[in-house]
Amino acid sequence: MFSGMLVSALRRQKRKVLMIALTMALGISLATAMLNVVMDVESKISQELKTYGANLNVVPRGASMLGELYGIDSGAGVSDRFIAEDALGKMKTIFWANNIVAFTPYLEHTVSLGENGIQSVMVGTWFDKRLVLPTGDTIETGMRYMKAWWDVSGEWANESMPDGVMVGSVLAQRLRISRGDRLRVTSSDGRHDTWVTVRGTFYSGGAEDEQLFVPLQLVQEMTGHAGLVQRVEVSALTTPDNELSRRAAEDPNSLSRKEWDTWYCTAYISAIAYQIEEALGNVKAKPLLQFSESEGAILGKVKLLMLLLTVLSVACSALAISNLVSMNVMERYTEIGLMKALGATNVAISFLVLAEVLAMSAIGGLSGYVAGLGLAQIVGHTVFGVSVSPNVWVIPVIVLIVITVSVCGSLPALRALLSLEPTRVLHGR
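If you're wondering where the values come from, they're calculated on a predicted model, not measured in any experiment.

Undergrad: How should I be thinking about the overall build of the protein in this particular structure?
TA: Scanning the protein from N- to C-terminus turns up 14 helices and 14 strands. Long-range contacts, defined here as pairs at least 24 residues apart, represent 76% of the contacts in the protein between residues at least 6 apart. Total accessible area on the protein is roughly 21,500 Å²; 58% of this is exposed by carbon and sulfur atoms.

Undergrad: Honestly, the pattern of salt bridges in this entry has me stumped. Any pointers?
TA: Between side chains of opposite charge, pairing is possible as soon as their charged atoms come close. This model, assessed by the stated rule, comprises 11 salt bridges. For Arg182, the salt bridge goes to Asp163, with nearest N and O atoms at 3.1 Å. Of this pair, Arg182 sits in strand 9 (residues 182-187) while Asp163 sits in the loop between strand 7 (151-154) and strand 8 (164-168), placing them 19 residues apart in sequence. You can call Asp163 partly exposed: its relative accessible area is 30%. Here Arg184 ties to Asp193 by a salt bridge, and the two come within 2.8 Å at their closest N and O atoms. By relative accessible area, Arg184 is classed as partly exposed at 41%. Residues participating in the shared-partner salt-bridge network are Glu108, Lys147, Arg231 and Glu233.

Undergrad: Would you explain the pairing of strand 13 (residues 231-236) in this entry?
TA: It is a general feature of regular strands that their side chains alternate between the two faces of the sheet. Burial within strand 13 is extensive, with six of its six residues counted as buried. The alternating pattern of strand 13 places Arg231, Glu233 and Ser235 and Val232, Val234 and Ala236 on opposite faces, both of which are buried. For strand 1 (residues 56-60) and strand 13, the ladder comprises three bridges, and the chain directions are antiparallel. Residue pairing in the sheet places Val58 in a bridge with Val232 of strand 13.

Undergrad: Teacher, can you tell me more about helix 6 (residues 216-223) here?
TA: Given 3.6 residues per turn, any residue in an α-helix points the same way as the ones three and four places further on. Residues of helix 6 that are buried include every one of Leu216, Leu218, Val219, Gln220 and Met222, and no others. The secondary structure elements touched by the buried residues of helix 6 are strand 3 (100-113), strand 4 (118-125), strand 9, strand 10 (193-203), strand 11 (211-215) and strand 12 (228-229). Just downstream of helix 6 lies Gly224, where phi reads positive at about 80°.

Undergrad: Is there a simple way to think about the environment of Val394 in this case?
TA: With respect to the element layout, Val394 can be found in helix 13 (residues 394-418). Sequence separation between Val394 and Thr32 is 362 residues, and the spatial gap between their C-alpha atoms is 7.0 Å.

Undergrad: What is the right way to look at the packing of helix 8 (residues 257-264) against helix 9 (residues 269-280) in this model?
TA: The description of two helices packed together rests on the angle between their axes and the distance between the axes. Axis separation between helix 8 and helix 9 bottoms out at 9 Å; the angle between their running directions is 90°. The orientation of helix 8 relative to helix 9 falls into the category roughly perpendicular. For the pair helix 8 and helix 9, contact is made by Trp260, Trp263 and Tyr264 and by Ser270, Ala271, Tyr274, Gln275 and Glu278, respectively. The residue makeup of the contact of helix 8 with helix 9, split by class, is five nonpolar, two polar and one charged.

Undergrad: Help me understand the packing of aromatic side chains, please; the structure alone is not making it clear to me.
TA: Two aromatic rings are characterised by how far apart their centres lie and by the angle between their planes. For the coordinates displayed, the defined rule picks out 12 aromatic pairs. Relative to Phe202, the ring of Trp150 has its centre 4.0 Å away and its plane inclined at 5°; by these criteria the two rings are stacked. Taken together, the positions of Trp150 in the loop between helix 4 (143-146) and strand 7 and Phe202 in strand 10 put the pair 52 residues apart, joining distant regions of the chain. With 5.3 Å between their ring centres and 65° between their planes, Trp263 and Tyr274 make a pair best called edge-to-face. Residue Trp263 is found in helix 8, and its partner Tyr274 is found in helix 9; the two are separated by 11 residues along the sequence. An aromatic cluster is present here, built from Trp150, Trp156, Phe202 and Phe213 joined pairwise through their rings. Looking at Arg231, its charged tip hangs above the ring of Tyr106, at a distance of 4.4 Å from the centre.

Undergrad: So what exactly am I meant to see when it comes to unusual backbone geometry here?
TA: Backbone geometry follows two general trends: most residues other than glycine have a negative phi, and most peptide bonds adopt the trans configuration. Even without glycine at this site, Arg176 takes up a positive phi of about 55°. The topology assignment puts Arg176 in the loop between helix 5 (169-175) and strand 9. You will see that Asn282, though not glycine, has its phi angle at about 55°, which is positive. Residue position: Asn282 is located in the loop between helix 9 and strand 14 (283-287). Here Asn282 falls in the exposed class, since its relative accessible area comes to 56%.

Undergrad: What is the right way to look at the environment of Ala87 in this model?
TA: By the element assignment, Ala87 lies in the loop between strand 2 (83-84) and strand 3. Separated by 141 residues in the primary sequence, Ala87 and Leu228 have C-alpha atoms spaced 9.7 Å apart.

Undergrad: I keep staring at the environment of Leu22 and nothing clicks. Help me out?
TA: Here Leu22 shows up in helix 2 (residues 14-49). Judged by relative accessible area, which is 46%, Leu22 ranks as partly exposed. The sequence separation of Leu22 and Ile321 amounts to 299 residues, and the corresponding C-alpha distance is 9.9 Å.

Undergrad: Please clarify how the side chain of Thr141 should be interpreted in this entry.
TA: Mapped onto the secondary structure, Thr141 falls in strand 6 (residues 138-141). Residue Thr141 is classed as buried on the basis of its relative accessible area of 0%. A polar contact is formed between the side chain of Thr141 and the backbone oxygen of Phe103, at a distance of 2.7 Å. In this structure Thr141 touches Ala102, Phe103, Trp126, Phe127, Asp128 and Lys129, once residues within four positions along its chain are discounted.

Undergrad: Help me understand helix 9 in this model?
TA: In a regular helix each residue adds 1.5 Å, so 12 residues correspond to 16 Å; helix 9 covers 17 Å between its end C-alpha atoms and thus fits that length. A positive backbone phi angle near 75° is found at Gly281, which sits one or two residues after helix 9.

Rules used throughout
Residues numbered from 1 in each chain as written. Predicted model: local features only at pLDDT ≥ 70, side-chain atom pairs only at ≥ 80, totals over all residues. Heavy atoms only, no water. Helix = DSSP H or I, 4+ residues; strand = E, 2+ residues; numbered from the N terminus. Contact = heavy atoms within 4.5 Å. Areas by Shrake-Rupley, 256 points an atom, 1.4 Å probe, with all protein chains shown as cover. Salt bridge = Lys/Arg side-chain N within 4 Å of Asp/Glu carboxyl O. Buried < 20%, exposed > 50% of the residue type's maximum accessible area, 1.4 Å probe, protein only. Pairing = 2+ DSSP bridges. Axes fitted to C-alpha atoms, helices over the stretch in contact; angles between N-to-C directions. Parallel < 35°, antiparallel > 145°, perpendicular 65-115°, else oblique. Nonpolar A, V, L, I, M, F, W, Y, C, P; charged D, E, K, R; others polar. Phe/Tyr/Trp six-rings, centres within 6.5 Å; stacked < 30°, edge-to-face > 60°. Lys NZ or Arg CZ within 6 Å of the ring centre and 35° of its normal. Polar contact = N/O pair within 3.5 Å; in protein donor to acceptor, adjacent residues only side chain to side chain. Expected span 1.5 Å × (residues − 1).

Without other data, these values stay purely geometric and don't point to any function.
Below is the structure:
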């Protein structure tokens, strides 16, 4: 009998069913899109930000102490401490190996360039390195993946061209060279002399514009430091810092066992740095705090904005449904008064009205969820240039939102329904 009354009521109120379902669909579609993006946005934004450089700098522990004590840049060749090149693959064996997007080593040497002997810093590095890991897997890494924002004129150098180099835009202007030109390079002690070919010039907006970037092996041969590097830049996907990560960065030993496990198994930049130090040994992995803190702030603000949009869309849906249900109950005062006069209790009538609203909302919620998945893809492709993966945990959240909005939106109408007196309605008093 109850189901028959419910179906009959829905059939007689097709316009109301459509309006409530549409209202719910609009709110749920935005909530679905925002929740899916929020749950997927951290990795997307982190991946996007990682195209703008490293957030970790790995240096020999002795060189790190020089920098901390005397302000000496350990990457400027002032220290005789080095890192073994063949050990760098160990970074991809740590707990958060998949979060390390790319890394590249550096070995610097002061040289004289061209006929005029212009002094400059020659930086040996990987451009596009195919590296075999200790696990047997292979990865592609190097400058091309770390400095994707560089404005390159010409082409990137690569390891298949031992004499191919890239010249910073400021240095290229001083030397008056461009792509395809040959350039004479002489070591600072005059013992080594070689010719290189300019594969491309670049603009970075930093100190690199005055430097010459060459294959790592070339600098190793000129300096006699075969198989060694001075520092390594690492680009890693990280979780925004909080109080726990900041305490761990100061002193991991100050954490309790439970806190240490939580920190170690979370992709905080300090946890990744700690694990890199464990893997390589006798190195210091120093977070580039300005970058990592900015990244955390951006992630937090974007996620907060999307959550606010979700809350506002749900609140608007609840208000709209409240008005629609109140109008529906007012139009059915006579019907409801008659039901009460025939013996229907307030609980039974409230349950019927609530069931009607839930049925209408369920139709709108299902439609809104499907539309929201499409909207999430639009946001993903428009903002991040990638698709957003539907998250299964969004479904129970959406179900809870539909029920909550339906019930909360029906409360004012149910309150008026409970105070309704059959005699006044039926006799027009």
